[in-house]
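Chain and residue survey
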Amino acid sequence: MSRRDERARAIGWSAAAHGAAALTALAVFAALASAARAADAPAPPAYPQGFASFQGNCAVCHGPAGAGVPALAPPLLSYPARYAGSTEGRRQLALTVLYGMIGDITVDDKHYNFQMPEFSRLDDAQLAATLNFIVFDLGHAPADVKPVSEAEIAAERARAMDGAAVREHRKSVAPTVSP
Ligand code: HEC
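Below, the structure is looked at part by part. Keep in mind the model is a prediction, meaning the values are calculated, not measured. (Residues numbered from 1 in each chain as written. Predicted model: local features only at pLDDT ≥ 70, side-chain atom pairs only at ≥ 80, totals over all residues.)

Considerations on the site of the ligand
In plain terms, the rule: Here, nearness is defined through the C-beta atom: a residue counts as near a molecule or strand if that backbone-placed atom lies within 6 Å of it. Helical segments are the DSSP runs of H or I of at least four residues, strand segments are the runs of E of at least two, and each set is numbered from the N terminus. For this scheme, ten residues count as nonpolar: Ala, Val, Leu, Ile, Met, Phe, Trp, Tyr, Cys and Pro. Four count as charged, namely Asp, Glu, Lys and Arg, and the remainder, Gly too, count as polar.
Lining the immediate environment of the ligand, one finds 29 residues, of which Cys 58, Cys 61, Ala 73, Tyr 79 and Met 116 sit closest. Of all the secondary-structure elements, those providing two or more residues to the shell around the ligand are helix H4 (59–62), helix H5 (79–83), helix H6 (87–99), strand S1 (101–102), strand S2 (105–107), strand S4 (115–116), helix H7 (124–138) and helix H9 (163–173). Class assignment for the residues of the shell around the ligand results in 20 nonpolar, seven polar and two charged.

Below is the structure:
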């Protein structure tokens, strides 16, 4: 997909997400699918449940297309897809949503130092779908990357971890993932 197509897709998602609060997830998906039939419209997401969960739980900070918000929350268009290619990176994704993250991080030469809340109240299937939306629909991870499974989320639950520990884990993982 060209950069231009990606941008059109992201803008389409922003537009589709606008007002998503008033619609059910199904209606959002139906609207997306019908929008996709029109020329120049974005393709529907590969992970529609992840899309709906992302818009409901994450977009308020990361933006509807995951572009991030300066000084508030980092973009999710680079690291998550790269994390998904390694075992420790995949653990990092699960840990971030289960325990949140706090402390200074740098993404694309910009600093972020705010608190990502934890989402352990969401079940394994919902967290896996949300991460797969980020990794594949937003991040365009290569086709040989395996989708995040419910079992991978389950394996990281019930640890004695908090957002500061997740940020420490990120420090060791981020330098090891592919550029
Ligand atoms: C209240 C705002 C907020 C919400 C809501 C939020 N995040 Fe975050 N997120 C952040 C912040 C802030 C950081 C960076 C934390 C830091 O500075 O240590 C972050 C970091 C991340 C990272 C790590 C990125 C990296 O480069 O390592 C991922 C992945 C992520 N969020 C995914 C999600 C997902 C998925 C959801 C929804 C289930 C979500 N976030 C909801 C604020 C938020």
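On we go.
Here we look at H7
Since the α-helix packs 3.6 residues into each turn, any two residues three or four apart lie on the same face. This is how it is decided: Here the expected span of a helix is defined as 1.5 Å times the quantity of residues minus one. Exposed residues have 12 or fewer other C-beta atoms within 10 Å of their own C-beta, buried residues have 20 or more, and residues in between are partly exposed; the C-beta atoms are placed from the backbone. Contact between two residues is assigned whenever their backbone-derived C-beta positions fall within 7 Å.
Taking 1.5 Å of rise per residue, 15 residues should cover 21 Å, and H7 covers 20 Å from first to last C-alpha, within 8% of that figure. Among all positions in H7, only Leu 127, Ala 128, Ala 129, Thr 130, Leu 131, Asn 132, Phe 133, Ile 134, Val 135, Phe 136, Asp 137 and Leu 138 are buried. Elements that come into contact with the buried residues of H7 comprise helix H3 (48–57), H5, H6 and helix H8 (150–156). Positioned one or two residues after H7, His 140 has a phi angle of 50°, which is positive.

Digging into unusual backbone geometry
Residue Asp 109 is not a glycine yet carries a positive backbone phi of 65°. Within the secondary structure, Asp 109 sits in the loop between S2 and strand S3 (110–112). Its identity is not glycine, yet His 140 carries a phi of approximately 50°, on the positive side. Looking at the element boundaries, His 140 is found in the loop between H7 and H8. Judged by the 13 C-beta atoms lying within 10 Å of it, His 140 is partly exposed.

Notes on the environment of Leu 77
Note on placement: Leu 77 falls in the loop between H4 and H5. On the neighbour-count criterion, Leu 77 (21 C-beta atoms within 10 Å) is buried. For the pair Leu 77 and Gly 66, spaced 11 residues apart in the sequence, the C-alpha separation amounts to 6.4 Å. Those residues in contact with Leu 77 that lie beyond four places of it in its chain are Gly 66, Ala 67, Leu 138 and Gly 139.

Section: the packing of H6 against H9
Where we set the bar: Think of each axis as a best-fit line through the C-alpha atoms, taken over the contacting stretch in the case of a helix, with angles from 0 to 180 degrees between the N-to-C directions. To sort the angles, those under 35 degrees are grouped as roughly parallel, those over 145 as roughly antiparallel, those from 65 to 115 as roughly perpendicular, and the leftovers as oblique. Here is the rule for handedness: rotate from the far helix to the near one, and if that takes an anticlockwise turn smaller than a right angle the crossing is left-handed, while a clockwise turn gives right-handed.
Here H6 crosses H9 at 160°, and the two axes come no closer than 10 Å. One finds that H6 runs roughly antiparallel with respect to H9. Handedness of the crossing formed by H6 with H9: left-handed. Residue-level inspection shows Glu 88, Gly 89, Gln 92, Leu 95, Thr 96 and Tyr 99 of H6 in contact with H9, the latter providing Gly 163, Val 166, His 169, Arg 170 and Val 173. A class-by-class count of the residues in the contact of H6 with H9 yields four nonpolar, five polar and two charged.

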